[in-house]
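Summary of structural features
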Amino acid sequence: MPLHGQAAVDQLLEILDLKQVDAATFVGESPQTGAQRVFGGQVAGQALVAAGRTVDPSRFVHSLHGYFVRPGDPTEPIQFSVETIRDGRSFSVRRSTAQQHGRTIFFMSASFQVREEGLDHYLPAPVGVPAPDEVPTMADWVRRYPSRAGIFAASPQAIDVRYVGVPGWVPPGDRDASEQQRVWMRVNGTLPDDPLIHACALTYASDLSLLDSVLSAHGEVWGPGGVIGASLDHALWLHRPFRADEWFLYDCTSPSASGSRGLANGRMFTEDGRHIASAVQEGLLRRVGERK
């Protein structure tokens, strides 16, 4: 049975707790879930851990930009090498590269900043969105569509994911087109207070449903009878302090899809409406059975 609750969160923390080889080299492992490739949010979160461990703790990550170059092998350790690009009076910049079998599978630039005061505003959160306890849990969806649950039913449930609409992995024809994809999320347990851990957990979660908004615009679904996909690049901006183990609304849309690629935007809001983060991702999307 897959892990749930705090047990799954503890496993996620183990995945993010990289082994340090030297001042700029770290090694991470992947959970053995039967997946054919490493989940993109995992390698991005681990790359951010590696970068963050080389930065003064008084500086907090505010943005990251990463490229998924090759599929990761979940049966092999991942080596992360961190390059110090800059350490200024207010900002630190790192480049974190993930490698397996001597080849790069992912690389990221991440920027860290000291806390500063300044202008402060944000657009309001969506209104009329049901609360997390008013929408189905992932377990509810799995019971409804057991034949489509796939890796969701077998993977550790470290993130509590609750779709306001219909998930993208239901059977073809069971999902109407919608301009918005909204999902409530939180780490399904308690995290330590370290802000870097919360940033890494949010990075992990930000890859769970973002590309789904591209399919949502067309009423399309993942898997047989639908679409297969892979993340190409991912960017995340962290605007305000937050806890990833408290509910946040992931409000996602897709402004464009063409050339077998889809672009997705996401905004994250706390339950009280604070805008804590923004994400942008482009993914490769092809009909099942098309060329690899």
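Per an unreviewed UniProt entry, the protein is named Acyl-CoA thioesterase II, and its organism is Paractinoplanes durhamensis. Its UniProt record, at the heading Sequence similarities (unreviewed entry), says of the protein: "Belongs to the C/M/P thioester hydrolase family."

Quick notes on helix 5 (residues 195-206)
For helix 5, spanning 12 residues, the distance from its first C-alpha to its last is 16 Å, which sits close to the expected 16 Å at 1.5 Å a residue. By the criterion of burial, helix 5 is predominantly enclosed, with 11 of the 12 residues buried. Every buried residue of helix 5 is accounted for by Leu196, Ile197, His198, Ala199, Cys200, Ala201, Leu202, Thr203, Tyr204, Ala205 and Ser206. In this structure Asp194 caps helix 5, since a side-chain oxygen of it lies 3.0 Å from the backbone nitrogen of Leu196.

What to know about the nonpolar core
With 70 residues, the main nonpolar core has Val43, Leu48, Phe80 and Phe106 as its most contacted residues. Per element, the largest residue contribution to this core is 8 residues, and it comes from helix 5. Look past the residues within four positions of Phe80 in its chain and what remains in contact with it is Leu18, Ala24, Thr25, Phe26, Gly28, Val43, Gln46, Ala47, Ala50, Ser96, Thr97 and Ala98. In this structure, Val129, Val135, Trp247 and Leu249 belong to the second largest nonpolar core, which totals 5 residues.

What to know about the side chain of Ser231
The topology assignment puts Ser231 in strand 9 (residues 227-238). Taking the relative accessible area as the measure of exposure, Ser231 reaches 18% and is therefore buried. Reaching out from Ser231, the side chain makes a polar contact with the side chain of Gln281 at a distance of 3.3 Å. The residues contacting Ser231, other than those within four sequence positions of it, are Phe68, Asp207, Leu211, Gln281, Glu282 and Gly283.

So, a negative patch on the surface
A cluster of acidic side chains, namely Asp133, Glu134, Glu246 and Glu271, defines a negative patch on the protein surface. Take Glu271: it is sitting in the loop between strand 11 (261-270) and strand 12 (275-287). Residue Glu271 is classed as exposed on the basis of its relative accessible area, which comes to 52%.

Some remarks on the packing of aromatic side chains
Under the defined criterion, the tally for this structure stands at 4 aromatic pairs. For the ring pair Tyr67 and Phe107, a centre distance of 5.6 Å and an interplane angle of 25° mean the geometry is stacked. Here Tyr67, found in strand 3 (residues 59-68), pairs with Phe107, found in strand 6 (residues 103-114); they are 40 residues apart in sequence, far enough to count as distant. For Tyr67, a relative accessible area of 45% gives the class partly exposed. The exposure class of Phe107 is partly exposed, given its relative accessible area of 24%. Note on Trp141 and Tyr145: the rings are 6.4 Å apart at their centroids and 10° apart in plane angle, and the pair reads as stacked.

Parameters at a glance
Residues numbered from 1 in each chain as written. Predicted model: local features only at pLDDT ≥ 70, side-chain atom pairs only at ≥ 80, totals over all residues. Heavy atoms only, no water. UniProt positions renumbered as here; feature names shortened; annotations may be inferred. Helix = DSSP H or I, 4+ residues; strand = E, 2+ residues; numbered from the N terminus. Expected span 1.5 Å × (residues − 1). Buried < 20%, exposed > 50% of the residue type's maximum accessible area, 1.4 Å probe, protein only. Polar contact = N/O pair within 3.5 Å; in protein donor to acceptor, adjacent residues only side chain to side chain. Core = buried A, V, L, I, M, F, W, Y, C linked by side-chain atoms within 4.5 Å. Contact = heavy atoms within 4.5 Å. Patch = residues over 30% accessible without salt bridge, like charges linked within 9 Å, V, L, I, M, F, W, Y side chains within 5 Å. Areas by Shrake-Rupley, 256 points an atom, 1.4 Å probe, with all protein chains shown as cover. Salt bridge = Lys/Arg side-chain N within 4 Å of Asp/Glu carboxyl O. Lys, Arg positive; Asp, Glu negative; His and termini not counted. Charge placed at Lys NZ, Arg CZ, Asp CG, Glu CD. Phe/Tyr/Trp six-rings, centres within 6.5 Å; stacked < 30°, edge-to-face > 60°.

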